[in-house]
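# Geometric and topological summary
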Amino acid sequence: MTTMLEVADLGHTYQAKSGAHTAIDGLSFRVDAGELVCVVGPSGCGKSTLLRTISGLIRPTRGDVTLHGDAVRGVPEDLAVVFQDYSRSLFPWLSVQRNVEFPLKRTLKRAERRARAAEALDQVGLSGAGGKYPWQLSGGMQQRVAIARALAYRPALLLMDEPFASVDAQTRFELEDLLLKVKREHDTTVVVVTHDIDESVYLGDRVLVLTKSPASVVADLPVNLPAVRDQITTREAEEFVELRAEVARLLNVGKTEAITAKRRSDEAQAAKWVAAERAANRERADREAVAD
Amino acid sequence: MIATLLALLIVIALAVGIAVPLGLVLGSVPAVRHATRAVIEFLRPIPSVALIPLAVVVLGIGPETKITLAVYAAVWPLLFNTIYALDELDPLLVETARVFGADRLRVLFFVALPSALPFVITGVRLAATTGLVVLISVELLVGGSGGIGEFIMVARSGAGRMDLVLAGTVVAGVIGYLLNEAFERAQRRWVGWSSVTGEAS
């Protein structure tokens, strides 16, 4: 397997007037070609910063990002991003068809662009909607358009920033399956950033679990589920259930410790009461014995 | 009336030609904006009518005088609307474009400009109305360049044909009304997407 993406000792610190904030620190991982890797972390842990450094939108303060062997300086040529906020990442003045064509403007002639866009729209099940405008579509359909736009670009790496966080549960299931189908058919390398534990296990070939901010990788878990997944049976599979529990435990390390500590102190308190009561009982028994 | 309308068209064209590119530069390069801020804030409050004597001395009493003054007045609403439009530009749209390989220039032309268009059209609408007011004022006060203003002034003097004065005034009002209406329609037709807020679900 060739390595598609390599992130080595990545760190980023934001400088602000109020002080510096380190969002990610010492992050390292690699993604093989054709793999779908999910990155999960607690909210506000620097997932978006990670995604922005990989896509070259911001330059990390330390460490390196390498995409198929080339160091990332600025936005790489063959990378596409699907953002969470579809309503803000589609161009409202362009029709769906033209939104999908947008990334191809620089490189392809008009006829080719059209064909590519039509093909991509067909893949996401929106073949009839090319002439509509984004605001005429439902949220799920808008996100489909964003996915189609990324696909039409035929990127070496597809980055997704919480892509299904703003759609309803039903649509989310549909879109997850759509992503898996597309990924199987095109052998695309995908990195999905999410905060949804179930989603990360359901989608991923691997799940990377991040720590709280500043984020670093705490676990790299392979997902040994069959490539073809099903919203009902996969989610019932023992491996799925175990893995999601594992991820949840890893994400909740801090919280679990706190709970354990509290329980321990509760137990100690209870033991004291029990001891006190026993002592009182014994005293009473002694007194009664004396009285007898 | 033809003289006024023709002058107004020239005024709108010139104002757009000056204010929109300038607004794009000022709106997208903060350094330039800060550097020119003092000059702009000094020039902006000067009423163009107060510049009439100066303009007459420099440019004479031909149509160039009224056109220059009207352009001066019309540039401001257009310039500020363009700058504000760029402030309103959604950073996520810019990031999306950049991720798909658009450089600065492409972002400016294919993202910033279309997203600013609704504001710019509003600016043109305001500029046209302001331009008309200034044109007629200068025609009235200076004369010699024809137009509705001069017509009113001539009708008033001498025999004092109040009917013609009123007719001129009504014509000016009708022009203003039609202009506004035309731009509002253009806005609804071309940039209808911007009035659609929220999500269709």
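### Quick look at the pattern of salt bridges
This model, assessed by the stated rule, comprises 26 salt bridges over all chains. Asp90(B) is paired through a salt bridge with Arg88(A); the nearest N and O atoms lie 2.6 Å apart. Of the two residues, Asp90(B) is situated in the loop between α4 (63-87) and α5 (91-99) and Arg88(A) in helix α2 (residues 86-89); the pairing between them involves two chains. Here the salt bridges share partners, and the residues they tie into one network are Glu176(A), Asp198(A), Arg235(A) and Arg244(A).

### Concerning the sheet that holds strand β5 (residues 70-71) of chain A
Residues and elements named next belong to chain A. Ordered by their spatial adjacency, four strands build an open sheet running β2-β1-β4-β5, and the pairing between neighbours is antiparallel. The open sheet has two edge strands, β2 (19-32) and β5, and neither has a second partner. As paired elements, strand β1 (residues 3-16) and strand β4 (residues 62-67) share five bridges and run antiparallel to each other. Residue pairing for β4: Gly 11 is matched across the bridge by Arg 62. Strands β1, β2 and β4 of the sheet are contacted by helix α1 (residues 47-54), whose axis makes an angle of about 65 degrees with β2.

### Observations regarding a nonpolar patch on the surface
On the surface, Ile2(B), Leu6(B), Leu9(B), Ile10(B), Leu14(B), Ile18(B) and Leu22(B) cluster together into a nonpolar patch covering about 650 Å² of accessible area. Its location among the elements puts Ile10(B) in helix α1 (residues 2-28).

### Notes on the packing of helix α4 (residues 110-123) of chain A against helix α5 (residues 139-152) of chain A
Residues and elements named next belong to chain A. The N-to-C vectors of α4 and α5 enclose an angle of 130 degrees; their axes lie 8 Å apart at closest approach. Looking at the two axes, α4 sits oblique to α5. For α4 against α5, the interelement crossing comes out right-handed. Of the residues in α5, those touching α4 at Arg 116, Ala 120, Leu 121 and Gln 123 are Ala 148, Leu 151 and Ala 152. For the contact of α4 with α5, the class distribution of residues is five nonpolar, one polar and one charged.

### Here's the deal with the confidence of the model for chain B
In low-pLDDT regions, the fine details of the predicted coordinates are not to be read closely. All names here are of chain B. For chain B, the average pLDDT comes to 85, and 97% of its residues sit at 70 or higher. Of the regions scoring below 50 in pLDDT, residues 196-201 engages in nine contacts with residues more than four places distant in sequence or in other chains. Our summary of model confidence lists the complex with pTM equal to 0.77 and ipTM equal to 0.75.

### Overview of the interface of chain B and chain A
Tallying the contact residues gives 20 residues for chain B and 30 residues for chain A. Summed over both sides, the interface between chain B and chain A buries roughly 2,400 Å², with carbon and sulfur atoms accounting for 67% of that surface. The largest per-residue losses of area from chain B upon contact with chain A belong to Val99(B), Phe100(B) and Trp193(B), which jointly make up 30% of the total buried on that side. Across the chain B-chain A interface, the total number found is two salt bridges. In this structure, the connection of chain B to chain A is made through three residue pairs in polar contact (both at pLDDT 80 or more). Taken together, the elements giving at least two residues each to the side of chain B that touches chain A come down to α5 and α6 (104-142) of chain B. Among the elements that take part in the side of chain B that touches chain A, α5(B) stands out by supplying seven residues, more than any other.

### Observations regarding the side chain of Arg113(A)
Residues and elements named next belong to chain A. Within the secondary structure, Arg 113 is located in helix α4. The exposure class assigned to Arg 113 is buried, which follows from its relative accessible area of 13%. When sequence neighbours within four positions are dropped, the list of residues in contact with Arg 113 reads Glu 101, Leu 104, Lys 105 and Leu 108.

### So, the sheet that holds strand β10 (residues 217-222) of chain A
All names here are of chain A. The six strands are arranged β6-β7-β8-β3-β9-β10 in an open sheet whose pairing can be described as mixed. Each having just a single partner strand, β6 (79-82) and β10 make up the two edges of the open sheet. Pairwise comparison of adjacent strand axes, ignoring direction, gives a mean angle of 15 degrees for this sheet. Here strand β3 (residues 36-40) pairs with strand β8 (residues 189-194) via five bridges, running parallel. Residue pairing across strands places Val 40 opposite Thr 194, the latter belonging to β8.

### Concerning the nonpolar core
Side chains of nonpolar character tend, in soluble globular proteins, to be buried together. Core analysis: the biggest nonpolar cluster contains 60 residues, and Phe91(A), Trp93(A), Val11(B), Leu78(B), Leu79(B), Ala97(B) and Val111(B) have the highest contact counts within it. Put simply, the parts of the chain that give this core at least two residues each are α1, α3 (52-59), α4, α5, α6, α7 (147-156) and α8 (162-190) of chain B. Per element, the largest residue contribution to this core is 15 residues, and it comes from α4(B). With sequence-adjacent residues up to four places away left out, Trp93(A) is seen in contact with Tyr133(A), Leu93(B), Phe110(B), Val111(B), Pro114(B), Ser115(B) and Trp193(B). One finds Val124(A), Ala150(A), Met160(A) and Phe164(A) within the second-largest nonpolar core, a separate group that totals 51 residues.

### Side note on unusual backbone geometry
All names here are of chain A. Here the phi dihedral of Asp 9 falls at roughly 50 degrees; this positive angle occurs in a residue that is not glycine. Position of Asp 9 among the secondary structure elements: in strand β1. Its identity is not glycine, yet Asp 187 carries a phi of approximately 60 degrees, on the positive side. Position of Asp 187 among the secondary structure elements: in the loop between α6 (169-186) and β8.

### Considerations on the packing of aromatic side chains
Taken as a whole, this structure holds seven aromatic pairs over all chains when the rule is applied. Each ring, one from Tyr72(B) and one from Trp76(B), has its centre 5.8 Å from the other, and the planes form 85 degrees; the classification is edge-to-face. Taken as a pair, Tyr72(B) and Trp76(B) lie in helix α4 at a separation of four residues, close to a single helical turn. A centroid spacing of 6.4 Å and a plane angle of 35 degrees characterise the contact between Trp76(B) and Phe80(B), whose relative ring orientation is tilted. Here Trp76(B) and its partner Phe80(B) are both found in helix α4, four residues apart, which amounts to about one turn of the helix. Here Trp76(B) matches Phe80(B) in class, with each residue buried. Three or more aromatic residues link up through ring pairs in this structure, and these residues are Tyr72(B), Trp76(B), Phe80(B) and Tyr84(B). Directly above the aromatic system of Tyr202(A) lies the positively charged group of Arg235(A), at a separation of 4.7 Å from the ring centroid.

Parameters and conventions
Residues numbered from 1 in each chain as written. Chains lettered and ligands numbered in written order. Predicted model: local features only at pLDDT ≥ 70, side-chain atom pairs only at ≥ 80, totals over all residues. Heavy atoms only, no water. Salt bridge = Lys/Arg side-chain N within 4 Å of Asp/Glu carboxyl O. Helix = DSSP H or I, 4+ residues; strand = E, 2+ residues; numbered from the N terminus. Pairing = 2+ DSSP bridges. Contact = heavy atoms within 4.5 Å. Axes fitted to C-alpha atoms, helices over the stretch in contact; angles between N-to-C directions. Patch = residues over 30% accessible without salt bridge, like charges linked within 9 Å, V, L, I, M, F, W, Y side chains within 5 Å. Areas by Shrake-Rupley, 256 points an atom, 1.4 Å probe, with all protein chains shown as cover. Parallel < 35°, antiparallel > 145°, perpendicular 65-115°, else oblique. Left-handed = near helix turned anticlockwise from the far one by under 90°. Nonpolar A, V, L, I, M, F, W, Y, C, P; charged D, E, K, R; others polar. pLDDT = per-residue confidence, 0-100. Buried area = accessible area lost by both parts, 1.4 Å probe. Polar contact = N/O pair within 3.5 Å; in protein donor to acceptor, adjacent residues only side chain to side chain. Buried < 20%, exposed > 50% of the residue type's maximum accessible area, 1.4 Å probe, protein only. Core = buried A, V, L, I, M, F, W, Y, C linked by side-chain atoms within 4.5 Å. Phe/Tyr/Trp six-rings, centres within 6.5 Å; stacked < 30°, edge-to-face > 60°. Lys NZ or Arg CZ within 6 Å of the ring centre and 35° of its normal.

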